[in-house]
Every structure is written in C-alpha cells, then in structure tokens.
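Each chain, written out:
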Amino acid sequence: MTLNNDNNLLTKEKVKLKKPNMYAVVMLNDDYTPMEFVIYVLQSIFKKNYEDAKKIMLLIHNEGKGICGVFPLDIAETKANQVVEFARINQHPLECKVQKQ
C-alpha cells in the first residue's frame, strides 16, 4: 500500500506474480535396466498409472529418452535424484536429467 499525496488515501498496488520456470525430468535409455523396473519407477516416483508408465517406458526404449514429468526446478531435481539413487540401490545404471522447458 502507498500513500497518495493528493488526499492522503492509501491505495493498493497490484503485485504481479511470476509463474516459476518449469523443468522436464528426462529419463534416458540404457541397455541394462529392465523395462519392468522403469515402469515401477514411473509409478512410484512420478505417480503414473500403469498404462501411462508403460507408454513412457516404451518411448524411452524406442526414442532413447522420455519426459517423466514437468515441475518447478526444486521438485524436478529432487525427483531426478530419487530416480538415480533408487536405481543405484537396485544396481541399475538408469539416468535422469533435468532440462528447462
């Protein structure tokens, strides 16, 4: 709020909120991680239903990469790190990258 010099009234200033930049979590194909594991990761970390997870997994398999979801930066980085950590725990070389949309 600001003070108006003419008649001492307070006026409300409109604050424009900027939408956060969005980032895609991109999963990369490899020749070692089982397809079932990728589906499980998509369901557990990205909350995809089985059919959507299967479609994304096939895209990753056929195209070499696929978008798992689009999020603000901190969430995208967290999810990508969760994927890599879970894959390592299960001895898979699965990789995820974060890229600006």
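The structure we're discussing is the one just above.
Residues numbered from 1 in each chain as written. Predicted model: local features only at pLDDT ≥ 70, side-chain atom pairs only at ≥ 80, totals over all residues. Heavy atoms only, no water.

Chemist: Just to check I follow, could you spell out a nonpolar patch on the surface for this structure?
Modeler: Judged by side-chain polarity, Met22, Ile67 and Val70 come together as a nonpolar surface patch covering roughly 210 Å² of accessible area. Along the chain, Val70 turns up in strand 4 (residues 65–72). (Patch = residues over 30% accessible without salt bridge, like charges linked within 9 Å, V, L, I, M, F, W, Y side chains within 5 Å. Areas by Shrake-Rupley, 256 points an atom, 1.4 Å probe, with all protein chains shown as cover. Salt bridge = Lys/Arg side-chain N within 4 Å of Asp/Glu carboxyl O. Helix = DSSP H or I, 4+ residues; strand = E, 2+ residues; numbered from the N terminus.)

Chemist: I would appreciate a short explanation of helix 3 (residues 73–89) in the present structure.
Modeler: Since there are 3.6 residues in each turn of an α-helix, residues three or four apart along the chain are aligned in direction. With 17 residues, helix 3 ought to run about 24 Å at 1.5 Å a step, and its terminal C-alpha atoms sit 24 Å apart, in line with that. Residues of helix 3 that are buried include every one of Ala76, Lys79, Ala80, Val83 and Ala87, and no others. The buried residues of helix 3 occupy an angular sector of 95° when projected down its axis, which confines them to one face. Among the exposed residues of helix 3, those pointing more than 90 degrees away from its buried face are Asp74, Asn81, Glu85 and Ile89. Of the residues flanking the end of helix 3, it is Gln91, one or two places downstream, whose phi is positive at about 60°. (Expected span 1.5 Å × (residues − 1). Buried < 20%, exposed > 50% of the residue type's maximum accessible area, 1.4 Å probe, protein only. Arc of directions from axis to C-beta.)

Chemist: Explanation requested: the pattern of salt bridges in the structure shown.
Modeler: For the structure shown, the criterion picks out 1 salt bridge. One salt bridge in this structure joins Glu95 and Arg88, with 2.4 Å as the shortest N-O distance. Taking the relative accessible area as the measure of exposure, Glu95 reaches 34% and is therefore partly exposed. Relative accessible area serves as the criterion here: at 36%, Arg88 is assigned to the partly exposed category.

Chemist: What exactly am I supposed to notice about the sheet that holds strand 4 here?
Modeler: Within a sheet, adjacent strands bond to each other through the backbone by hydrogen bonds, running parallel or antiparallel. The 3 strands lie next to each other as 4-3-5, forming an open sheet whose pairing is antiparallel. Looking along the sheet, the strands with just one partner apiece sit at the ends: strand 4 and strand 5 (95–100). This sheet shows a mean twist of 25° between the axes of neighbouring strands, independent of strand direction. Sheet strands in contact with helix 2 (residues 50–63) are strand 3 (22–28) and strand 4, and its direction is about 125° off that of strand 4. (Pairing = 2+ DSSP bridges. Axes fitted to C-alpha atoms, helices over the stretch in contact; angles between N-to-C directions. Contact = heavy atoms within 4.5 Å.)

Chemist: Which parts of the structure should I look at to understand the nonpolar core?
Modeler: Looking at soluble globular proteins, one finds that nonpolar side chains tend to be buried together. One finds Val25, Met27, Val38, Leu42, Phe46, Val83 and Leu94 to be the most contacted residues of the largest nonpolar core, which totals 22 residues. When residues of this core are assigned to their parent elements, the largest contribution, 6 residues, is made by helix 1 (residues 35–45). Aside from chain neighbours lying at most four places away, what touches Leu94 is Met27, Leu28, Asp30, Thr33, Phe37, Val38, Val83, Val84, Ala87 and Arg88. (Core = buried A, V, L, I, M, F, W, Y, C linked by side-chain atoms within 4.5 Å.)

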